[in-house]
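Tertiary structure, described
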Amino acid sequence: MSQTANVSLSAFEAPVPTDREATVLDVATAPPPKPLTRTLRVLAELGDDEVLVQVNDREPVHLFPKLDERGAAYATVEQGSSVLTAIWKP
C-alpha cells in the first residue's frame, strides 16, 4: 500500500522534481510480480504534483520498459540494502 512520507528526493543523482509531494510505495518484501503490478496501479493514479518513490530490495529492471511505454520519467538510486526508484510525470 502506498503512503505519503517525507522522502529526501535529493538522494537521487538524476534531476528528480523536488517541489512535488513524494508518495512512497514499499514493495521490498512482495514476491514477483506484485512489485510491478502495485507500482503500475499507483502510477495510474499519480497526480501531476506527485513523485512516486518505489522502495525495493533490487533494481526493478522489468518496470523500466513499462515506464518508458507510459512516458514516465524515473531515476534509481541504491540506498543501503534498498533500491529507490523515483517515478513522475514529466
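Look up: the structure comes first, before these words.
Overview of the structure. Keep in mind it's a predicted model, so treat the numbers as computed, not measured.

As for the pairing of strand β4 (residues 73-79)
- Here β4 pairs with strand β5 (residues 82-88) via seven bridges, running antiparallel. Residue Ala75 lies in a different strand from β5, and its bridge partner there is Ala86.
- A loop of two residues connects β4 with β5, the two strands running antiparallel in sequence, and Gly80 in this loop sits at a positive phi of about 65°.

Regarding the pattern of salt bridges
- The tally for this structure, following the rule as stated, stands at two salt bridges.
- The partner of Arg58 in a salt bridge is Asp57, and the shortest N-O contact between them spans 3.2 Å.
- Judged by relative accessible area, which is 48%, Arg58 ranks as partly exposed.
- Of the residues examined, Asp57 reaches a relative accessible area of 37% and is grouped as partly exposed.
- Put simply, Glu69 and Arg70 hold a salt bridge, and the shortest N to O gap is 3.9 Å.
- Classification of Glu69 as exposed rests on a relative accessible area of 59%.
- Note on Arg70: relative accessible area 47%, which makes it partly exposed.

Digging into helix α1 (residues 34-44)
- Among the residues of α1, those classed as buried are Pro35, Thr39, Leu40, Val42 and Leu43. The arc that holds every buried residue of α1, seen down its axis, measures 165°, which confines them to one face. Of the exposed residues in α1, those oriented more than 90 degrees away from the buried face are Arg41 and Ala44.

Some points on the side chain of Glu50
- Turning to its location among the elements, Glu50 is positioned in strand β3 (residues 50-56).
- Of the buried charged residues, Glu50 lacks a salt bridge, with Lys89 as the closest side chain of opposite charge at 7.3 Å.
- At 3.0 Å, the side chain of Glu50 forms a polar contact with the side chain of Thr23.
- Within the structure, Glu50 has its side chain in polar contact with the backbone nitrogen of Gly47 (distance 2.6 Å).
- Excluding residues that lie within four positions of it along the chain, Glu50 makes contacts with Arg20, Glu21, Thr23, Glu45 and Trp88.

What counts as what
Throughout this document, residue positions are counted from 1 along each chain, in the order its sequence is written. In keeping with the predicted nature of the model, local features appear solely for residues at pLDDT of at least 70, side-chain atom pairs appear and are counted solely at 80 or more, and the whole-chain, interface and lining totals rest on all residues. The basis for every side-chain value is the complete set of non-hydrogen atoms in the structure, without hydrogens or water. A pair of strands counts as paired when DSSP detects no fewer than two bridges linking them. Under the DSSP-based scheme used, a helix requires at least four consecutive residues in state H or I and a strand at least two consecutive residues in state E, with every element numbered from the N terminus. A side-chain nitrogen of Lys or Arg and a carboxyl oxygen of Asp or Glu constitute a salt bridge if their distance falls within 4 Å. Residue burial is assigned from relative accessible area. The probe radius is 1.4 Å, only protein chains are included, and a residue is buried under 20% of its type maximum, exposed over 50%, and partly exposed in between. Think of the arc as the fan of directions from the helix axis to the C-beta atoms. In this charge count, Lys and Arg are treated as positive and Asp and Glu as negative; neither His nor the chain ends contribute. Here a polar contact means two N or O atoms within 3.5 Å. Within protein one must be a hydrogen donor candidate and the other an acceptor candidate, and residues neighboring in sequence count only if both atoms are side-chain atoms. Note on definitions: a residue-residue contact is assigned when non-hydrogen atoms from the two residues lie within 4.5 Å.

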